[in-house]
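For reference, the chains in residue letters:
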Amino acid sequence: MEIDKELIDKLLADYKGPEDLIGEQGLLKQLTKSLVERAMHAELKQHLGYEKHDPAGRGSGNSRNGTSPKTLKGDFGEVELEVPRDRQGTFEPKIVPKHERRFTGFDDKILSLYARGMTTREIQGHLQEIYGVEVSPSLISEVTDAVLEEVKAWQTRPLEALYPILFLDALMVKMRHEGKVENRAVYVAIGIDLDGRKDVLGLWTSANEGAKFWLQVLTELRNRGVKDIFIACVDGLKGFPQAIETVFPQAQVQLCIVHLVRASLNYVSWKERKKIALELKAIYRAATAEEAERELADFAERWNGKYPTIVALWQRNWERVIPFFAFPAEVRKILYTTNAIESLNMSLRKSLKSRAAFPSEEAALKVMYLALRSVISKWERPLQWKAALNQFTVLWQDRIQVAVTV
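On a predicted model such as this, the values are computed, not experimentally measured, just so you know. (Residues numbered from 1 in each chain as written. Predicted model: local features only at pLDDT ≥ 70, side-chain atom pairs only at ≥ 80, totals over all residues. Heavy atoms only, no water.)

Turning our attention to empty space enclosed by the protein. Under the definition given, this model contains 1 cavity of 30 Å³ or more. Of the volumes computed, that of the largest cavity is approximately 30 Å³. Lining of the largest cavity is provided by 10 residues; of these, Leu168, Cys233, Cys256, His259 and Ile341 occupy positions nearest its centre. Elements with a minimum of two residues in the lining of the largest cavity: strand S3 (162-177) and strand S6 (228-234). Among the elements that make up the lining of the largest cavity, the one with the highest residue count is S3 (3 residues). When its residues are assigned to classes, the lining of the largest cavity shows 6 nonpolar, 2 polar and 2 charged. (1 Å grid on protein atoms, 1.4 Å probe; cavity = no way out; pocket = protein on both sides within 12 Å on 5 of 7 lines; lining within 4 Å. Points joined across faces, edges and corners; volume = space filled by probe spheres on them. Helix = DSSP H or I, 4+ residues; strand = E, 2+ residues; numbered from the N terminus. Nonpolar A, V, L, I, M, F, W, Y, C, P; charged D, E, K, R; others polar.)

As structure tokens, this is what we get:
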């Protein structure tokens, strides 16, 4: 609907500055109040079937019965409304339903701030400062607690039968558990399906990261419908590959190169980090496993005297490093960059860093779920996915057929 420009000019006839438009008594708030009240009166007219003072309403059995006050919170502050009533009490406004105290979208503002890691007090201050709205801690808790049911449904939803690539990782979060504040591991699983779509399959918490708990996670994924995985990309946790192969015997376990490089650089002085990182890159960017082994041998010859731990780390995990050399560059890039898990963990840490500790596991999961929901909406299919899928089809056509026909 196009608004009459003459009407706009008339409304802004006394305009002197922003306060006249968006201030506490500004035009926007007055217009909102007037429009919403007029809309409710229009709804009441439709409900009763006759205009106000219309003789047709005599003896109809129901009539107007004044108004009742109601305060609504929104982006522009609080608005005091007069809600029309009928004598039989059967009228329920659609634009502002009964018991509704917030305009549509206001709860999303609270959830967005919560997802950014802001505390209840910070959210209160922000809404007061920006919108001039006083929001109680109980209201914020009510809005955010409603997410828990969504989290439960999301955590138990059915999954795809086949994920060609699965990334598994964990990060530590400080939270209160059984009366004590402690660092607890939050397990994250990201799957890439046959169409190249990335998705977080779930979040789980435990006292610490361990292969035994990962076994429970993987068993849950299988119970939720996952029948097969081609490649599982993991960190160097002891016993992790065995846990994966117990649940998904055909899965090929690939050690996450990012984790391995990061672990290696922990032993390097800041002055030499860039140099060592470049030399390690020559290993995992080699064309073949044989060439990579020669690069590792050259690295050992140059650095074993100064950094023997790095050489030992790569040699010890070599059998889990080299599987991806059997794939073309398109597949390797998806595996060794692990952009999905790295970008997700970075976003989660941004949301978590403002909290010294969470009061409960539920509080931590609420923040992480809201944060990852925002991240997932921006994910795109890997550029190399079609080439990778062609390779998977050549190698495992029979497994694809079995999974998609289950």
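There is more to say after this.
With that settled, the discussion passes to the pattern of salt bridges. Applying the stated criterion across every chain, the model contains 13 salt bridges. Here Asp199 makes a salt bridge to Arg157, at a shortest N to O gap of 3.0 Å. Taken as a pair, Asp199 in strand S5 (residues 198-206) and Arg157 in the loop between helix H6 (137-155) and S3 lie far apart in primary sequence, 42 residues in all. Since its relative accessible area comes to 17%, Arg157 is described here as buried. When the shortest N-O distance is used, the salt bridge between Arg197 and Asp195 registers 3.1 Å. Judged by relative accessible area, Arg197 falls into the partly exposed class, the value being 47%. (Salt bridge = Lys/Arg side-chain N within 4 Å of Asp/Glu carboxyl O. Buried < 20%, exposed > 50% of the residue type's maximum accessible area, 1.4 Å probe, protein only.)

As a further point, take unusual backbone geometry. Of note, the phi angle at Glu178 is positive, near 55°, even though the residue is not glycine. Following the sequence through the fold, Glu178 ends up in the loop between S3 and strand S4 (180-192).

Strand pairs in the sheet, formed through backbone hydrogen bonds, run parallel or antiparallel to each other. Read across the open sheet, the 5 strands follow the order S5-S4-S3-S6-S7; overall the sheet is mixed. Since the sheet does not close on itself, it has two edges, and those belong to S5 and strand S7 (252-255), each with one partner. Pairs of neighbouring strands in the sheet enclose a mean axial angle of 25°, with direction left out of account. With 8 bridges joining them, S4 and S5 adopt antiparallel strand pairing. Within the sheet, the bridge partner assigned to Val188 lies in S5 and is Leu203. Contacts from helix H16 (residues 361-376) reach S3, S4 and S5 within the one sheet, and its direction differs from that of S5 by about 165°. (Pairing = 2+ DSSP bridges. Axes fitted to C-alpha atoms, helices over the stretch in contact; angles between N-to-C directions. Contact = heavy atoms within 4.5 Å.)

A word on the packing of helix H11 (residues 289-303) against helix H12 (residues 308-316). Taken N-terminus to C-terminus, the directions of H11 and H12 make an angle of 160°; their axes are 9 Å apart at the nearest point. The orientation of H11 with respect to H12, classified from their angle, is roughly antiparallel. Judged by the twist between their axes, the crossing of H11 over H12 is left-handed. For the pair formed by H11 and H12, the contact residues are Leu296, Phe299, Ala300 and Trp303 on the first element and Pro308, Ile310, Val311, Trp314 and Gln315 on the second. Here the residues of the contact of H11 with H12 sort into 8 nonpolar, 1 polar and no charged. (Parallel < 35°, antiparallel > 145°, perpendicular 65-115°, else oblique. Left-handed = near helix turned anticlockwise from the far one by under 90°.)

Along S6, 7 of the 7 residues are buried, which leaves the element largely enclosed by surrounding structure. Here S3 runs beside S6; their pairing, made up of 5 bridges, is parallel. What sits directly across from Ile165, in S6, is Ile231. The sheet contact formed by S6 and S7 spans 4 bridges and is parallel. Counted as the bridge partner of Val234 is Leu255 from S7.

Let us look at the side chain of Asn317. On the secondary structure map, Asn317 appears in the loop between H12 and helix H13 (318-321). Residues within four places of Asn317 in sequence aside, it is in contact with Leu255 and Leu260.

On to the packing of aromatic side chains, then. Both the distance between ring centres and the angle between the ring planes are used here to describe each pair of aromatic rings. Summed over the entire model, instances satisfying the criterion amount to 11 aromatic pairs. Considering the side-chain rings of Phe327 and Trp396, the 6.1 Å spacing of their centres and the 55° angle between planes classify their relative orientation as tilted. Placement of the pair is Phe327 in the loop between H13 and helix H14 (329-337) and Trp396 in helix H17 (residues 385-404), with a sequence separation of 69 residues. What makes Trp396 buried here is its relative accessible area of 14%. With a centroid separation of 5.9 Å and an interplanar angle of 25°, the aromatic rings of Phe392 and Trp396 are classed as stacked. Of this pair, Phe392 and Trp396 both sit in helix H17, separated by 4 residues, roughly a single helical turn. Members of the aromatic cluster, each reached through a chain of ring pairs, are Phe230, Phe327, Trp385, Phe392 and Trp396. For the cation-ring pair, Arg273 lies above Trp270, with the distance from its terminal atom to the ring centre recorded as 4.3 Å. (Phe/Tyr/Trp six-rings, centres within 6.5 Å; stacked < 30°, edge-to-face > 60°. Lys NZ or Arg CZ within 6 Å of the ring centre and 35° of its normal.)

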